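# A look at the structure
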Amino acid sequence: MKACVAALSVMITFLGVSLAFGTQEKEPRYKYQKDGLVYAEIAKAPEKARAKRNPMDKDPDALAAGANLFEQHCTGCHGDMGEGGRKGPSLLAPEVQNAEPGAIFWILTNGVVRRGMPVWSKLPEPQRWQLVRYIKSLGGVPTNPEKPPAPTP
Amino acid sequence: MSDFFRFTILGIFLLFSTSVLLPSSVQAQESPYIVAYDHYLEEPGNLEIEYFSTFGSQRQANNFHSFWMEFEYGATAWWTTEVYLDGQTTFNESTLFTGFRWENRFRPLRHEHFINPILYVEYENISGADKIMKEVEGHDVEADYAVPNSELSKERNHELEFKLILSSTVKGWNFTENTVASKNLTGGVPWEFGYALGASHPLALKASAKRCNLCRENFIAGVEMYGGLGDRHSFGLHDTSQYLAPVIAWNLPSDWTLRLSAGFGLNDNSHRFLLRWGISREITGFGSMVSRIFGGHK
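Residues numbered from 1 in each chain as written. Chains lettered and ligands numbered in written order. Predicted model: local features only at pLDDT ≥ 70, side-chain atom pairs only at ≥ 80, totals over all residues.

### Some words on the overall build of chain A
- For chain A, the helix and strand inventory stands at eight helices and zero strands.
- When the 153 residues of chain A are sorted by exposure, 46% land in the buried category.
- Considering only residue pairs separated by 6 or more positions, chain A has 74% of its internal contacts joining residues 24 or more positions apart. (Helix = DSSP H or I, 4+ residues; strand = E, 2+ residues; numbered from the N terminus. Buried ≥ 20, exposed ≤ 12 C-beta atoms within 10 Å, placed from the backbone. Contact = placed C-beta atoms within 7 Å.)

### Side note on the pairing of strand β3 (residues 79-90) of chain B
Residue and element names in this part refer to chain B.
- In terms of residue burial, β3 counts as a mostly covered element, since 11 of its 12 residues are buried.
- Across 12 bridges, the pairing between strand β2 (residues 64-76) and β3 is antiparallel. Pairing of Phe67 across the sheet is with Gly87, part of β3.
- Linking β2 to β3, which pair antiparallel, is a turn of two residues.
- Relative to strand β4 (residues 94-106), β3 runs antiparallel, the two being bridged by 12 bridges. (Pairing = 2+ DSSP bridges.)

### Digging into the environment of Ile107 of chain A
- Looking at the element boundaries, Ile107 of chain A is found in helix α7 (residues 101-110).
- Beyond its immediate chain neighbours, meaning those up to four positions away, Ile107 of chain A contacts Glu41, Ile42, Ala45 and Val112 of chain A.

### So, helix α8 (residues 125-137) of chain A
Residues and elements named next belong to chain A.
- Its 13 residues give α8 an end-to-end C-alpha distance of 19 Å, which sits within 8% of 18 Å, the value for a rise of 1.5 Å per residue.
- With 11 of its 13 residues buried, α8 lies for the most part within the structure.
- Restricting attention to buried positions, one finds in α8 the residues Gln127, Arg128, Trp129, Gln130, Leu131, Val132, Arg133, Tyr134, Ile135, Lys136 and Ser137.
- Those residues of α8 hidden inside the fold are in contact with α4 (62-73), α6 (94-97) and α7. (Expected span 1.5 Å × (residues − 1).)

### Concerning unusual backbone geometry
Residues and elements named next belong to chain B.
- In this model, Gln60 sits at a positive phi of 60 degrees, which is unusual for a non-glycine residue.
- Within the fold, Gln60 resides in the loop between β1 (47-56) and β2.
- For Gln60, a count of 7 C-beta atoms within 10 Å puts it in the exposed group.
- The phi dihedral of Asn92 is positive, around 65 degrees, even though this residue is not glycine.
- Considering the arrangement of structural elements, one finds Asn92 in the loop between β3 and β4.
- For Asn92, a count of 9 C-beta atoms within 10 Å corresponds to the exposed category.

### With respect to the environment of Glu224 of chain B
Residues and elements named next belong to chain B.
- Tracing the backbone through its elements, the reader meets Glu224 in strand β9 (residues 219-231).
- Residue classification places Glu224 among the buried positions, given that 24 C-beta atoms sit within 10 Å.
- Distance from Glu224 to Tyr145, taken between C-alpha atoms, is 22 Å for residues 79 residues apart in sequence.
- The residues contacting Glu224, other than those within four sequence positions of it, are Tyr33, Val35, Ala36, Ala196, Leu197, Gly198, Ala245 and Val247.

### Some words on the packing of α4 of chain A against α8 of chain A
Residue and element names in this part refer to chain A.
- For the pair α4 and α8, the least separation of the axes is 7 Å and the interaxial angle reads 95 degrees. The angle between α4 and α8 places the two elements in the roughly perpendicular class. Of the residues in α8, those touching α4 at Ala62, Leu63, Ala65, Gly66, Ala67, Leu69 and Phe70 are Gln127, Gln130, Leu131, Arg133, Tyr134 and Ser137.
- Split by residue class, the contact of α4 with α8 holds eight nonpolar, four polar and one charged. (Axes fitted to C-alpha atoms, helices over the stretch in contact; angles between N-to-C directions. Parallel < 35°, antiparallel > 145°, perpendicular 65-115°, else oblique. Nonpolar A, V, L, I, M, F, W, Y, C, P; charged D, E, K, R; others polar.)

### Topic: the nonpolar core
- The biggest cluster of nonpolar side chains holds 37 residues, and the ones touching the most others in it are Ile104, Ile107, Leu108, Leu131, Val132 and Ile135 of chain A.
- At the level of secondary structure, the elements contributing two or more residues to this core comprise α4, α7 and α8 of chain A.
- Here the element with the most residues in this core is α4 of chain A; it accounts for seven residues.
- The next biggest cluster of nonpolar side chains, apart from the first, holds 31 residues, and it includes Trp68, Leu85, Tyr226 and Ala245 of chain B. (Core = buried A, V, L, I, M, F, W, Y, C linked by C-beta atoms within 7 Å.)

Purely spatial values, then, with no claim about function.
What follows is the structure in structure tokens.
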């Protein structure tokens, strides 16, 4: 019985502390407001990383696969269409859309850990490149589209 | 109905009911390891609920089935915190709740490197009857588990455990090395040491154009090896148990992950066979959801 009470106390403390800390990430009400700080990270990508070409550029399945990966791993923070959410900035912004594919790949690989973006190197390299291809295809989409862009071969 | 079935059914019921009630939109990309850790932390604000089970064969005593629930929360992108609730059934003896653990993992470096360190700190409040074998350390040997539950459960351990996790991902391969140091605060027990090594690789590196359950990229296979390294007074492999275990994870597009591991004892001090499996589900945005309940976000 004592162990149960102790376990319950620990769980409540655990939830309280982690939620307090996690949510003090100062999430704004509707829109992520640290976009500028996160976009600045793209500029920090090393030259060597920027110069990398996307090996999935000519893969006919890459866009559809990238869309699936985006839905599975990215929409929770960046919104269904990459328009941005409470926890992640818009990916439709020029800072992202004009960035070199290699720079976006570098951000996916390294994350922006201090700003809440985890590292995604657990996705194998080809999948990260598939994601890059899809993210770049989001350019020019209105900020609140009803449907995701149709994949183009 | 035996206590064993009650505990198992309760655990799985909790997992399913919480998962069904809470929405999720992410597919987990979980490693197959059950003992070893890699350097990937929980995504911030997400909660992963896991149920794990270990069946252990035991020479000259009763076999056992141990089980635990894990609640893993991504507090930030560099801090993951986790609570465990442990239990076990020793066949022909009894079923016990054996205690809880509170684990924290920290990522000290901002960027990805060839070797990525993670710092791990855990507090354990468990009885001597705990058999989940989440880590093997010191001079833990099979004979320790032959003592009846009625005796083992009288012992209560408060333990601090530290790990240095060094993990690399290269061309789809993950290699990880965990060094364990633990100190039982309840007695004059010296520092104990252990290790876990792991290697894994997805069955395919590219994602398919269509979502599918049985696509090769949803499976990650690997192997882990773990065991004790003695204590401060007698460091080394003598009187320790050592295991080698092929592992596989199946990450389903429906957000569930299944893991399976068959562990084989490598010396006479080890259990001959440990069959482990686990099921987990990740709930995205759990932190925001709870925060909204308390008026944090509208």
